[in-house]
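Chains, contacts and geometry: an overview
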Amino acid sequence: MYEAEIQQAANMLLRSNHAVALTGAGISTPSGIPDFRSPDSGLWEKHDPMAVASLIGFRHRPDLFYQWLAPLAKTLMTAQPNPAHYALAKLETLGILKSVITQNIDLLHLKAGSKTVYEVHGHVREATCISCFTVYQAEPFMKEYLESGGTKILRCPSCGGVLKPNVILFGEQLPLNIFNAAKREIQQCDMMVVAGSSLEVYPVADMPRQARAAGAKLILINLSETDYDRVADVTIHGDVADFLPRIVQAVEAQKPPLEVA
Ligand code: CNA
């Protein structure tokens, strides 16, 4: 299925000069990390997102946030990249993909070997004290937190303030320097590959429109429908861990090998 679309996507990538990928939670579901909006993902079943994962909610009830986060944090600690992450890393090695703009906080693109990654919704590498603003590596705090089953709030060793993971919550501003760098990529790009995003969360959801306005072609791979399906040059409804490697294989089959100096 989708053989013609795979070939067309590969041809478009080979003709492009500046391709970028825009990824969402769907690229990490094959790594075992649930997304937000797929039915039965479980992340929102027992919780109101605006209550637990918003900046206001966090400031009022960090205990609820840390309880909600515990099962997800456990999965994030052990998750490994899947063939979709590796396919994008390969496309960068081939000199075709210039960068990955990701909404994911899970670090899996970097673990897969992608070099230029814009984490526009933050990441779980670090946490910041909301009282004294000291930034800490998150990892050393995780063992005790996970052992508590999410009942323990992470606190600043220096001032005792609450630590907030460096992930962007609802109602929080995106990291401006990263977001602006991603926007510069979009203004330059002539090809955007969107993989595993519902394209419902703004401002990122506007990026494919901005890329098209800058003259870029659009390849869309997602399990469910999105508002961009009809305007994309290639739309594939399927698993990114299946289709991205197949597109990259088709690229490699046509691309002459890089010259070794
Ligand atoms: P989303 O709104 O949950 O949408 C995910 C989309 O991916 C859905 O449309 C699914 O149909 C689709 N999908 C799921 N699995 C696959 C698959 N294997 N192949 C192809 N498509 C698939 O997630 P978005 O990223 O669009 O929304 C942005 C939110 C989700 C951001 O704030 C993220 O930080 C947040 N999030 C991130 C992670 C993570 O870091 N892995 C996990 C959960 C949520």
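Now for a description of the structure that goes with this document. In this convention, every chain numbers its residues from 1, walking through the sequence in written order. Local features in this predicted model are restricted to residues whose pLDDT is 70 or higher, and side-chain atom pairs enter the listing and the counts only when it is 80 or higher, whereas totals over whole chains, interfaces and linings include all residues. Think of the side-chain values as coming from all heavy atoms in the structure, minus any hydrogens and water.

**Examining the overall build of the protein chain**
On a plain count of helices and strands, the protein chain comes out with 10 helices and 9 strands. It is over C-alpha atoms that the radius of gyration is taken, and the globule rule equals 2.2 Å times the number of residues to the power 0.38. Taking 261 residues into account, the globule formula puts the C-alpha radius of gyration at 18 Å, and the protein chain, at 19 Å, falls close to it. Counting only C-alpha atoms, the protein chain reaches 55 × 45 × 30 Å along its principal axes. A simple rule labels every residue: compare its accessible area, found with a 1.4 Å probe on the protein chains alone, to the largest value its type can have, and call it buried under 20%, exposed over 50%, or partly exposed in between. Counting only residues that meet the buried cut, the protein chain has 51% of its 261 residues in that class. Here the analysis covers contacts within the protein chain between residues at least 6 apart in sequence; of these, 68% occur between residues at least 24 apart. Each accessible area is a Shrake-Rupley result for a 1.4 Å probe, and residues are judged covered by the shown protein chains and nothing else. Roughly 12,900 Å² of accessible area belongs to the protein chain as shown, and the carbon and sulfur atoms make up 53% of that amount. Here a strand is any run of E in DSSP of at least two residues, a helix any run of H or I of at least four, and the numbering for each starts at the N terminus. Contacts are assigned to residue pairs with any non-hydrogen atoms lying within 4.5 Å of each other.

**Re the environment of proline 30**
Note on placement: proline 30 falls in the loop between strand S1 (19-23) and helix H2 (49-52). For proline 30, a relative accessible area of 35% translates into the label partly exposed. Along the primary structure proline 30 and isoleucine 153 are separated by 123 residues, whereas in three dimensions their C-alpha atoms are 29 Å apart. Those residues in contact with proline 30 that sit more than four places away from it in its chain are Asn82, Asp239 and Ala241.

**Side note on the packing of helix H5 (residues 83-93) against helix H10 (residues 240-254)**
Working convention: axes come from line fits to C-alpha atoms, limited for helices to the stretch in contact. Angles between N-to-C directions cover 0 to 180 degrees. Interaxial distance between H5 and H10 falls to 7 Å at its minimum, and their mutual angle equals 25 degrees. Classified by the angle between their axes, H5 and H10 sit roughly parallel to one another. Along this stretch, H5 crosses H10, giving a crossing that reads as left-handed. Residues Pro83, Ala84, Ala87, Leu88, Lys90 and Leu91 of H5 touch H10, and the partners they reach there are Val240, Ala241, Leu244, Pro245, Val248, Val251 and Glu252. Note on residue categories: nonpolar means Ala, Val, Leu, Ile, Met, Phe, Trp, Tyr, Cys or Pro, charged means Asp, Glu, Lys or Arg, and polar means any other residue, Gly included. Within the contact of H5 with H10, the residues separate by chemical class into 11 nonpolar, no polar and 2 charged. Here the word oblique covers every angle except those under 35 degrees (roughly parallel), over 145 (roughly antiparallel) and from 65 to 115 (roughly perpendicular). If you view the pair so one helix is near and one far, a crossing is left-handed when the near helix is turned anticlockwise from the far one by less than a right angle, and right-handed when it is turned clockwise.

**Observations regarding the nonpolar core**
Throughout this description, the term nonpolar core refers to a set of buried Ala, Val, Leu, Ile, Met, Phe, Trp, Tyr and Cys residues connected via side-chain atoms within 4.5 Å. If you look at the biggest cluster of nonpolar residues, it comprises 31 residues, and the most contacted ones within it are Leu13, Leu91, Ile219, Ile221, Ile236 and Leu244. Taken together, the elements giving at least two residues each to this core come down to helix H1 (3-15), S1, H5, strand S2 (97-102), strand S7 (191-195), strand S8 (217-221), strand S9 (234-236) and H10. Residues within four places of leucine 244 in sequence aside, it is in contact with Ile27, Ala84, Ala87, Leu88, Val193, Ala195 and Ile221.

**Details of the packing of helix H4 (residues 62-78) against helix H7 (residues 139-147)**
Interaxial distance between H4 and H7 falls to 11 Å at its minimum, and their mutual angle equals 120 degrees. Considering the relative orientation of H4 and H7, their crossing is left-handed. Every residue of H7 that contacts H4 at Tyr66, Leu69, Ala70, Ala73, Lys74 and Met77 is listed here: Glu139, Met142, Tyr145 and Leu146. Looking at the contact of H4 with H7 residue by residue, the classes come out as 8 nonpolar, no polar and 2 charged.

Purely geometric stuff here, so don't read any function into it on its own.
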